[in-house]
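Observations on the three-dimensional arrangement
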Amino acid sequence: MRRSVAAVVVALSTALTVTSVTSSGSAAATGGAGASSATQGDARAQARAALHSAQHALSTSSTARPTDPTMALLHLRLSMGDLSGSERRQAAAILARPTDHPDFFGQTYTVKAKKKCRGHICIHWVPTTADAPPNRHWVNKMLKMMNQVWSYEVGRLGYRPPLSDGHRGGNGRFDVYLKELFHQGLYGLTTAERPTSYNRSLYSGYLLLDNDFARSQYGAKPIQVARVTAAHEFFHAIQFGYDVQEDSWLMEATSTWMEDQFDDSSNDNRQYLPFGQLAHPDQPLDTFEATGAAQYGNWAYFEHLSHRFGRGIVRQIWHSAAAFSGGGDRFSAHALRSVLSHHGGFDRDFARYSAGNLTPGHSYPEGGHYPSPPVLARWQLTGAAPSVGPSAFAVPHLASGSVEVTPGADLTQRGWRLRLKVAGPRKRKDPVAYVVVHTKKHGWIRKSVALNRYGNGRLAVPFSNRKVDSVTLTVANASTSFRRCGKGAYSCSGSPRYPHPAYSVTVTAFRR
């Protein structure tokens, strides 16, 4: 689901008022669609928590939207079997289509709906009331646009199409409903509807889009906002046909990445970058925030992967995660590791990505517009003070930290070098270190620091002030090992086995 940054800020500022909801085990709070039933123990209590979370997520009150509605509704769908009869009826009403009755929170059309179908898509709308689109021409544009999204994501990029809903909505085509959503702080919403008869991890679904994306509300050209929203939400529908129980951070990060793939001119997803690892390298990649936007901001990681290895690598990751026959049925972090094992390894690539984020203008095609992360320390070495360290830093799982070292004005003679020593956790905990030398005339020198089985390593690089501007050392925790899946907040809704090991860094300038 795409949420406006304004809605995220409101949710963050009011998080304390909704603690009882987010701590009760919603999917958004735990990081996986089906996670909370495992964390609370009592399936009935968890299903009730999911019901309450979905109610809050769709409330028209801005202070009552602590969770991601698409993920909250998905968790409610997967929890319905544990609700009582009356509660189940409430859940069914929340999950109902706008043409169904009853439907809570103003999602139901109050007048008879119209429908137009072409290609793979049916558009549903109403001619009057606040839910009405501006005119029939807009309906036709939405129908054409949704078929373009289908052609791009399914046809060009090669993803499996969303599962058919049979004859829900009147036929087996994919249904999109135009509905006034701005008052809920939403752009669009994807709802999982029915599992297949052969695999209850695969669901059909339908889509809601705002009825007009008015510039006065969304602050941009309506068709531009509609295009990126459609690309994002439709990719959720595709994901439901891969595995509805996949980790929520992967669902949202890749859907936000898809926005830029379908419509590179919009750049709307840049608004989320200040919430992700580009601005917060110490925040785990697989973070899913109930009241924030880290999962949206981390689309940059998949931009990194697609820039290095081609856009098809994201499809490979989803195939590795998929629960259908022939898929890998791996949770998110393990799917990443499996796919990247064919591209030099996840650990090395994660270190390169983390180091590259320090200078996004050189690391991403449009990175000149991206935020830069802070460093843990900046040190200048001179002839009188040629060494710093050892300095210790704790690095959370799937996160990183960097130091920047500059040569003093007196280190001008030839032969000055910088020795970097890293003492990390043992190799089995997947520590990695990466060095970038920023030269004055000849670009960059990039090198991995080889770490032995004890996590120790060293590397020497040029350091003359005449040739080098600075050297950055990035240490990263690339561990994808988890314990107690279903009882934590990250990948597999689990707890990292090595949550924040210490790394020690020593830097020394010397002449050879």
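The structure under discussion appears in the preceding block.
Here's a quick rundown of the structure.

Reading the values: the criteria
- Residues numbered from 1 in each chain as written.
- Predicted model: local features only at pLDDT ≥ 70, side-chain atom pairs only at ≥ 80, totals over all residues.
- Heavy atoms only, no water.
- Helix = DSSP H or I, 4+ residues; strand = E, 2+ residues; numbered from the N terminus.
- Buried < 20%, exposed > 50% of the residue type's maximum accessible area, 1.4 Å probe, protein only.
- Salt bridge = Lys/Arg side-chain N within 4 Å of Asp/Glu carboxyl O.
- Core = buried A, V, L, I, M, F, W, Y, C linked by side-chain atoms within 4.5 Å.
- Patch = residues over 30% accessible without salt bridge, like charges linked within 9 Å, V, L, I, M, F, W, Y side chains within 5 Å.
- Areas by Shrake-Rupley, 256 points an atom, 1.4 Å probe, with all protein chains shown as cover.
- Lys, Arg positive; Asp, Glu negative; His and termini not counted.
- Charge placed at Lys NZ, Arg CZ, Asp CG, Glu CD.
- Disulfide = S-S within 2.5 Å.
- Contact = heavy atoms within 4.5 Å.
- Phe/Tyr/Trp six-rings, centres within 6.5 Å; stacked < 30°, edge-to-face > 60°.
- Lys NZ or Arg CZ within 6 Å of the ring centre and 35° of its normal.

Okay, the overall build of the protein chain next. When helices and strands are tallied, the protein chain shows 17 helices and 16 strands. The buried share of the protein chain, reckoned over its 512 residues, is 59%.

In this section: the pattern of salt bridges. Evaluated as defined, the whole model comprises 14 salt bridges. Here Asp175 and Arg97 are joined by a salt bridge, their closest N and O atoms 2.7 Å apart. Here Arg97 lies in the loop between α7 (85-95) and β1 (114-118) and Asp175 lies in strand β3 (residues 174-179), a separation of 78 residues in the sequence. Each member of the pair, Asp175 as well as Arg97, carries the same accessibility label: buried. We note a salt bridge from Lys179 to Asp131, for which the minimum N-O separation is 2.8 Å. You can see Lys179 sitting in strand β3 and its partner Asp131 sitting in the loop between β2 (121-125) and α8 (136-156), a full 48 residues away along the chain. Taken as a pair, Lys179 and Asp131 share a single burial class, namely buried.

As a rule of thumb, nonpolar side chains are buried together in soluble globular proteins. Core analysis: the biggest nonpolar cluster contains 87 residues, and Ile123, Met146, Tyr159, Tyr301 and Phe302 have the highest contact counts within it. Counting 28 residues, the second largest nonpolar core, distinct from the first, contains Val395, Val403, Phe463 and Val471.

A contiguous patch of positive charge, built from Arg414, Lys441, Arg466 and Lys467, is present on the exposed surface. In this fold, Arg414 is placed in the loop between β8 (399-407) and β9 (416-423).

We now examine the state of the cysteines. With the rule as written, the count across this model stands at two disulfides. A sulfur-sulfur separation of 1.9 Å characterises the disulfide bridge that pairs Cys117 with Cys122. Negative torsions about the S-S bond denote left-handed disulfides, and the value of about 105° found for Cys117 with Cys122 makes this one right-handed. For Cys117, a relative accessible area of 25% puts it in the partly exposed group. By relative accessible area, which is 0% here, Cys122 ends up buried. Covalent S-S linkage joins Cys485 and Cys492, the inter-sulfur distance amounting to 2.0 Å. Across the disulfide from Cys485 to Cys492, rotation about the S-S bond amounts to roughly -85°, and the bridge is consequently left-handed. Taking the relative accessible area as the measure of exposure, Cys492 reaches 12% and is therefore buried. Counting only the cysteines that take part in disulfides, in the order they occur along the protein chain, gives the pairing 1-2, 3-4.

Next up on the list: α7. An α-helical turn contains 3.6 residues, so any two residues separated by three or four positions project in the same direction. What α7 keeps buried is the set Glu87, Ala91, Ala93, Ile94 and Leu95. For α7, the secondary structure elements touched by its buried residues are α5 (43-57), α6 (69-79), β4 (188-195) and β5 (203-210).

Looking along the chain, the bond that leaves Gly389 and enters Pro390 is cis, with omega of 5°. Summarising the element assignment, Pro390 is placed in strand β7 (residues 387-394). The phi dihedral of Phe213 falls on the positive side, at around 45°, and the residue is not glycine. When you line up the elements, Phe213 lands in the loop between β5 and α9 (215-218). Judged by relative accessible area, which is 0%, Phe213 ranks as buried. In this structure, Leu398 is a non-glycine residue whose phi angle is positive, near 50°. You can see Leu398 is positioned in the loop between β7 and β8.

According to the stated counting rule, one finds 21 aromatic pairs in the structure shown. Taking 5.1 Å as the distance between ring centres and 40° as the angle between the ring planes, the aromatic pair formed by Tyr272 and Tyr296 counts as tilted. Taken as a pair, Tyr272 in the loop between α11 (248-262) and α12 (294-297) and Tyr296 in helix α12 lie far apart in primary sequence, 24 residues in all. Each member of the pair, Tyr272 as well as Tyr296, is classed as buried. Within the aromatic cluster, the residues linked to one another by ring pairs are Trp249, Tyr301, Phe302, Phe346, Phe350 and Tyr353. Above the face of the Phe324 ring, Arg160 is positioned so that its terminal group lies 3.6 Å from the ring centre. Directly above the aromatic system of Phe510 lies the positively charged group of Arg419, at a separation of 4.3 Å from the ring centroid.

By secondary structure assignment, the location of Ala450 is in the loop between β11 (444-448) and β12 (456-462). Here the alpha-carbon distance between Ala450 and Val432, two residues 18 residues apart in the chain, equals 8.1 Å.

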